[in-house]
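Fold and geometry: a report
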Amino acid sequence: MALRARALYDFRSENPGEISLREHEVLSLCSEQDIEGWLEGVNSRGDRGLFPASYVQVLRAPAAEPPPPARYANLPAGGFEPPPPVEPCPLPAPFAYPPGQGSDDDWDDDWDDSSTVADEPGALGGSYPDYEAAGGGGPGRYRVSTRSELSLGSRGGARPPGHPHPPGGGAKSSATVSRNLNRFSTFVKSGGEAFVLGEASGFVKDGDKLCVVLGPRGPQWQENPYPFQCSIEDPTKQTKFKGMKSYIAYKLVPSHTGQQVHRRYKHFDWLYGRLAEKFPVISVPHLPEKQATGRFEEDFISKRRKGLAWWMDHMCSHPVLAQCDAFQHFLTCPSTDEKAWKQGKRKAEKDEMVGANFFLTISVPTGPGASLDLQEVESQVDGFKTFTKKMDESALQLNHTANEFARKQVTGFKKEYQKVGHSFKCLSQAFELDQQAFSAGLNQAIAFTAEAYDAIGDLFADQPRQDLDPVMDLLALYQGHLANFPDIIHVQKGALTKVKESKRHVEEGKMELQKAEGIQERCNIISFATLAEINHFHKIRVRDFKSQMQHFLQQQIIFFQKVTQKLEEALHKYDSV
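Here we summarise the structure given alongside this text. Everything quoted here is computed from the prediction, not taken from an experiment.

By rolling a water-sized probe across the atoms, one finds the places where empty space is left. One number sums up the size of the largest pocket: a volume of about 960 Å³. Along the wall of the largest pocket there are 29 residues; nearest its centre are Lys303, Asp469, Met472, Asp473 and Ala476. For the lining of the largest pocket, the element with the highest residue contribution is helix H5 (residues 298-317), accounting for nine residues. When its residues are assigned to classes, the lining of the largest pocket shows 12 nonpolar, eight polar and nine charged. Split by domain, the lining of the largest pocket shows at least three residues from each of two domains, domain 2 (230-363) and domain 3 (374-573).

Rendered as structure tokens:
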């Protein structure tokens, strides 16, 4: 006899292997035995997968069960075979993002350091036994913990010593907020789940605090009190190992120090990897793409420098990224001080405020009027998700159109204008066969017109460098940002799902209100950070596209003024004929 269950609430699948449920929907269960709070079954649409056990009520069949409805007629008579026992998924490290974008250079010079985070005791998420034994955090450092004194369930949650299992008598302690079964989701890997469930604990220095404040457009990152810019200039080819290996070094000049340093692309790539790991709810701009061949060609070096300049501008403009220790080390460490570079690099790689602990560093507004309506937050995030999808589509379309138009200018338009010029030149040469003196002026004017059209063809070929290429560089940078936001939104959505689940448990009397409020408070922190990042994105988007569109139109005007000037010069040649 097939096991069945009725959905008590709507459930929307967010990860592979899950299925969506509709309230009052009847499902077929593969087994009545739940797997760490999840059941496997088939919904009314024929989708098979996992769903939360707390969302359904198992239907106990009477002694004489009536025949199943027609829509289940295609199910096997004996029901589904129970699945084999499933091993509990091992919990991942506090953070396990893929490595950085890689590098087109080797890490085999003196800038590199063979040690890694894994080689150092206490790295990334390690405990602080000696510090705690000392009995305090010292000046400017304080302990923050989200650990709950209640059991967090059977899937590895923290429990007080001496209480390996929750007490059996209290009904409110029997329910817990379930963990995501997909341990590879961004919500899990970023540490967002562990933070929301109250498992983060660490020491936060004053300098590590990231403040969200309420601005005119809602939550926003607190502005950098010491804003600065950094130029990227003079890419030069350098060698090492007596000329056996070559690379390009870029000169960086930060405005707040005025001291120039030289960095290779691999140093940019190392920094990107560190920042992408540390800031799961911040859109770290993507670096320009790598290229396996032609790395020393002038056009490629120029294009990469422009891409790195856009990247640097967005880094310096972000209130959080600009003040990050790893970024400041990258900008200020002298190029010749190998020891200082290695020390700063090792410090960044041993940063303990990553994963779940990163969220401890976020400080949000408190007091009257500072709380968030989670339903409104969800609506804003959904609206931004729709916006980013549409912007991504339009950016791809514009990039394709601009690229195609630039190709036509460089090849087609130049060729066509020069073909016209060549035709005028042939006409002039034919007229020169007439030796009459009164036709000499006409012949010269037509020949000048031919030269004008030839020059206009060259203007068309050179113009994309002035207007379309900068637009495409900007689009490439923003396509990187748009690729980041699905993961950022997923972290916020995952936190919101935990809040909804905890509220249901409270309504059913299965969870204490205090514990549910803790989950909501931690979800608020993620929501504040997400909305702050969305606001920052819109702010720089308006700034960048306003500036770039002005530049584009200015260059277009200059271009057509040059074309008009060539034509007017040719026209004046006929005045004396």
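Back to the write-up after that little detour.
Right, let's talk about the nonpolar core for a bit. Residues Phe195, Leu252, Phe268, Phe279, Met312, Phe327 and Phe330 are the most contacted members of the largest nonpolar core, which totals 84 residues. Looking at this core element by element, the count peaks at 12 residues for helix H11 (residues 513-572). Counting the residues that make up this core, at least three belong to each of domain 2 (230-363) and domain 3 (374-573). Discounting residues that sit within four places of it in the chain, Leu252 has contacts with Cys230, Ser231, Ile232, Gln259, Gln260, Val261, Arg263, Phe268, Met312, Phe330 and Leu331. The next biggest cluster of nonpolar side chains, apart from the first, holds 13 residues, and it includes Ala7, Phe11, Trp38 and Phe51.

Moving on to the packing of H5 against helix H6 (residues 325-332). Taken N-terminus to C-terminus, the directions of H5 and H6 make an angle of 130°; their axes are 12 Å apart at the nearest point. Classified by the interaxial angle, the pair formed by H5 and H6 is oblique. Relative to H6, H5 is oriented so that their crossing is left-handed. Across the interface between the two elements, Met312, Met315 and Cys316 of H5 pack against Phe327, Phe330 and Leu331 of H6. The class makeup of the residues in the contact of H5 with H6 is six nonpolar, no polar and no charged.

About the thresholds
- Residues numbered from 1 in each chain as written.
- Predicted model: local features only at pLDDT ≥ 70, side-chain atom pairs only at ≥ 80, totals over all residues.
- Heavy atoms only, no water.
- 1 Å grid on protein atoms, 1.4 Å probe; cavity = no way out; pocket = protein on both sides within 12 Å on 5 of 7 lines; lining within 4 Å.
- Points joined across faces, edges and corners; volume = space filled by probe spheres on them.
- Helix = DSSP H or I, 4+ residues; strand = E, 2+ residues; numbered from the N terminus.
- Nonpolar A, V, L, I, M, F, W, Y, C, P; charged D, E, K, R; others polar.
- Domains from an automatic or database assignment.
- Core = buried A, V, L, I, M, F, W, Y, C linked by side-chain atoms within 4.5 Å.
- Buried < 20%, exposed > 50% of the residue type's maximum accessible area, 1.4 Å probe, protein only.
- Contact = heavy atoms within 4.5 Å.
- Axes fitted to C-alpha atoms, helices over the stretch in contact; angles between N-to-C directions.
- Parallel < 35°, antiparallel > 145°, perpendicular 65-115°, else oblique.
- Left-handed = near helix turned anticlockwise from the far one by under 90°.

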